[in-house]
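Structure at a glance
Here's the letter readout for the chains.
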Amino acid sequence: MTWRQNRCCSSPRISRNPRTELYRSLPVNTSLFDFESLFTWLTETGHEAWSDQLQLACHHAIDVNSHGNFPDWHQCWKDLPDIDSRIHARNDGRVALDGQISAEVKSQLRSNLMKFRPWRKGPFDLFGIDIDTEWRSDWKWNRLRDHVELRDRSVLDVGCGNGYFGWQMLAAGATRIIGLDPFLLYVMQHEVIRKYVEAAPNYVLPLGDDCLPERLHAFDVTVSMGVLYHRTSPIEHLQSLYNSLKRHGQLVVETLVIDTRDEQLLMPEGRYAKMRNVWFIPSVDMLTKWLRRTGFQDVKVVDVTRTTTSEQRRTEWMTFESLPDFLDPADSSKTVEGHPAPVRAMLTAQRK
Ligand SMILES: C[S@@+](CC[C@H](N)C(=O)[O-])C[C@H]1O[C@@H](n2cnc3c(N)ncnc32)[C@H](O)[C@@H]1O
């Protein structure tokens, strides 16, 4: 992998069509993990110290992860064919790369993409290859899209997975999305797409929320979806989200909740839905209180939905166990451990 130095953020290789929100680039990107335009932007907007910290942290994260499957993923990424392409968010929820390819190239590309399994967040349509991901993340996006103002906004997406929501937010008018996800496979999936739209301002850095400094105040919108219950200290997580925002910036937080009206909290003794790293699942009222105590105002509950086996399920792009395997076969209102089955809430709030 290489880092490209001294690149300008307004690369001439990309054009943004403001009418259709398409991004297009040719030739394809030849440099993996090229975040230079992001670091330039951070420096130019007064966040030089954080930019320097992020560069070091990214180098470190990539170095320590450059073993195991990484050499294979890197080779597959290099082997991706050159295709004149453009990206857009389609009405059917798919993030799509369009371009002309032969049947032979399509078949080679498909087997390359399979090597980046499991694909959990999507769906994507990459040159006619339908990546039917474990999650219908487009359903989550539909719950969110009308409750967040994205036009001309900078966005931080903590725990962004492969950056699916970043493409949706870009199409909805956001100017720049910085996604954080410490799991390198998901970062690689994003790199597969970035290979074709390198200069689009949707980044996924291989880092967790611990890279957020105490007083960042950099973003108009901060999003944390599916992360809170994985944190041993949910309050500290909310504090770091608060501190990432500019004054009056908007927070979107989405998490597992327990579906009761009171201020309650489930701390599973062992696993929850077979997940080992679930620490705290609040009720909506408890989460509302946490947000207020952390300093947020104007807290709104915009959605509460029970996750169904249509929204989260095994597909040929994610062949491991999925929600149907996590529920009690005799009573689908419970997990296999006897906890309430997954219900998720989405809340918005504003920094003072
Ligand atoms: C349940 S997934 C949610 C992905 C996406 N935000 C969504 O809502 O579909 C949780 C993601 O958070 C990432 N993650 C776990 N710990 C994290 C941390 N400390 N900081 C940031 N991301 C983290 C995981 O790698 C995973 O991709």
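In every chain, residue numbers begin from 1 and rise along the written sequence. Restriction of local features to residues with pLDDT of at least 70 applies here, the model being predicted, together with a cutoff of 80 or more for giving and counting side-chain atom pairs; totals for whole chains, interfaces and linings are based on all residues. Hydrogens are left out, water is left out, and the side-chain values use all remaining heavy atoms of the structure.

With that settled, consider the overall build of the protein. Each helix and strand in the protein was counted, giving ten helices and 19 strands. The reference for a compact globule is 2.2 Å times residues^0.38; the radius of gyration itself is calculated from the C-alpha atoms. Rg of the C-alpha trace for the protein: 20 Å, near the compact-globule value of 20 Å for 352 residues, within the 12% margin. Its C-alpha atoms give the protein principal-axis dimensions of roughly 55 × 50 × 40 Å. Counting over 352 residues, the protein shows a buried share of 56%. Accessible areas in this description were obtained via Shrake-Rupley with a 1.4 Å probe; residue shielding takes into account the shown protein chains only. A total accessible area of about 15400 Å² is found for the protein, and carbon and sulfur atoms account for 47% of it. By the criteria applied, helices consist of DSSP H or I runs no shorter than four residues and strands consist of E runs no shorter than two, each listed in order from the N terminus. Here the term buried applies to any residue with accessible area under 20% of the maximum for its type, exposed to any over 50%, and partly exposed to those in between, with areas from a 1.4 Å probe on protein chains only.

This next bit is on the site of the ligand. Only a single heavy atom is needed: when it lies within 4 Å of a molecule or strand, its residue is near that molecule or strand. What surrounds the ligand is a group of 17 residues, the closest being Lys140, Gly159, Asp181, Asp209 and Met225. Contacts to the ligand include Lys140, whose side-chain N or O atom sits 2.5 Å from an oxygen atom. Counting of polar contacts relies on pairs of N or O atoms within 3.5 Å, with two restrictions inside protein: one atom must be capable of donating a hydrogen and the other of accepting it, and residues adjacent in sequence are counted only when both atoms are side-chain atoms. Between the ligand and Asp209, the relevant distance is 2.9 Å, taken from a nitrogen atom to a main-chain nitrogen or oxygen of the residue. Polarity classes work like this: nonpolar for Ala, Val, Leu, Ile, Met, Phe, Trp, Tyr, Cys and Pro, charged for Asp, Glu, Lys and Arg, and polar for all others, with Gly in that last group. Counted by class, the shell around the ligand contains eight nonpolar, four polar and five charged residues.

Strand order in the open sheet made by the seven strands is 11-10-9-12-13-19-16, with mixed pairing throughout. Looking at which strands have only one partner, the edges of the open sheet turn out to be strand 11 (202-205) and strand 16 (297-306). In this sheet, neighbouring strand axes are inclined to one another by 15 degrees on average, regardless of whether the strands run parallel or antiparallel. For strand 9 (residues 154-158) and strand 10 (residues 176-180), the ladder comprises five bridges, and the chain directions are parallel. Among the inter-strand pairings, Leu156 is bridged to a residue of strand 10, identified as Ile178. Here, strands pair whenever DSSP counts at least two bridges between them. For helices, the axis comes from a line fit to the C-alpha atoms of the stretch in contact; other axes are also lines fit to C-alpha atoms, and the angle between any two N-to-C directions lies between 0 and 180 degrees.

The next point concerns the pattern of salt bridges. A side-chain nitrogen of Lys or Arg and a carboxyl oxygen of Asp or Glu constitute a salt bridge if their distance falls within 4 Å. By the definition in use, this model includes 21 salt bridges. Between Asp130 and Arg94 there is a salt bridge, with its nearest N and O atoms 2.9 Å apart. Of this pair, Asp130 sits in strand 7 (residues 129-131) while Arg94 sits in the loop between strand 3 (85-89) and strand 4 (95-98), and the two are 36 residues apart along the sequence. What makes Asp130 partly exposed here is its relative accessible area of 37%. A salt bridge links Arg143 to Asp303; the shortest N-O distance between them is 3.8 Å. With Arg143 in helix 5 (residues 137-144) and Asp303 in strand 16, this residue pair connects regions lying 160 residues apart in the sequence.

Moving on, we get to the pairing of strand 10. Of all five residues in strand 10, five are buried, a share of seventy percent or more. By the alternation rule, side chains of strand 10 split into Arg176, Ile178 and Leu180 and Ile177 and Gly179, which are all buried. The definition of a right-handed crossover adopted here requires that, viewed with the strands pointing away, the path from the first strand over the helix to the second runs clockwise. Between the parallel pair strand 9 and strand 10, the chain is carried across by helix 6 (residues 164-171), and the sense of this crossover is right-handed. Here strand 10 runs beside strand 11; their pairing, made up of four bridges, is parallel.

Quick look at the packing of helix 1 (residues 36-44) against helix 2 (residues 48-65) now. In the contact formed by helix 1 and helix 2, the axes pass within 7 Å of each other and the chain directions differ by 155 degrees. In this view, helix 1 runs roughly antiparallel relative to helix 2, as classed from their interaxial angle. Crossing angle aside, the handedness with which helix 1 passes helix 2 is right-handed. Contact residues: Phe39, Leu42 and Thr43 in helix 1; Glu48, Trp50, Ser51, Leu54, Gln55 and Cys58 in helix 2. Classifying every residue of the contact of helix 1 with helix 2 by side-chain character gives five nonpolar, three polar and one charged. Under this scheme an angle from 65 to 115 degrees is roughly perpendicular, one under 35 degrees roughly parallel, and one over 145 degrees roughly antiparallel; angles in between are oblique. Handedness of each helix crossing follows the sense of rotation of the near helix against the far helix: counterclockwise by less than a right angle gives left-handed, clockwise gives right-handed. Residues count as neighbours in contact if any of their non-hydrogen atoms are within 4.5 Å of one another.

A few words now on helix 1. Listed as buried for helix 1 are Glu36, Ser37, Leu38, Phe39, Trp41 and Leu42. Check the buried side of helix 1 and you find it contacts helix 2, strand 9, strand 10 and strand 11.

Below, the discussion takes up helix 6. Extensive coverage of helix 6 is indicated by the burial of seven of its eight residues. Along helix 6, the residues that are buried comprise Tyr164, Phe165, Gly166, Trp167, Gln168, Met169 and Leu170. Just downstream of helix 6, Gly173 is the residue with a positive phi angle, here 110 degrees.

Before going further, it helps to examine the environment of Leu265. By the secondary structure assignment, Leu265 is in strand 14 (residues 265-266). Each C-alpha atom, one on Leu265 and one on Leu287, is 9.1 Å from the other, the two residues being 22 residues apart in sequence.

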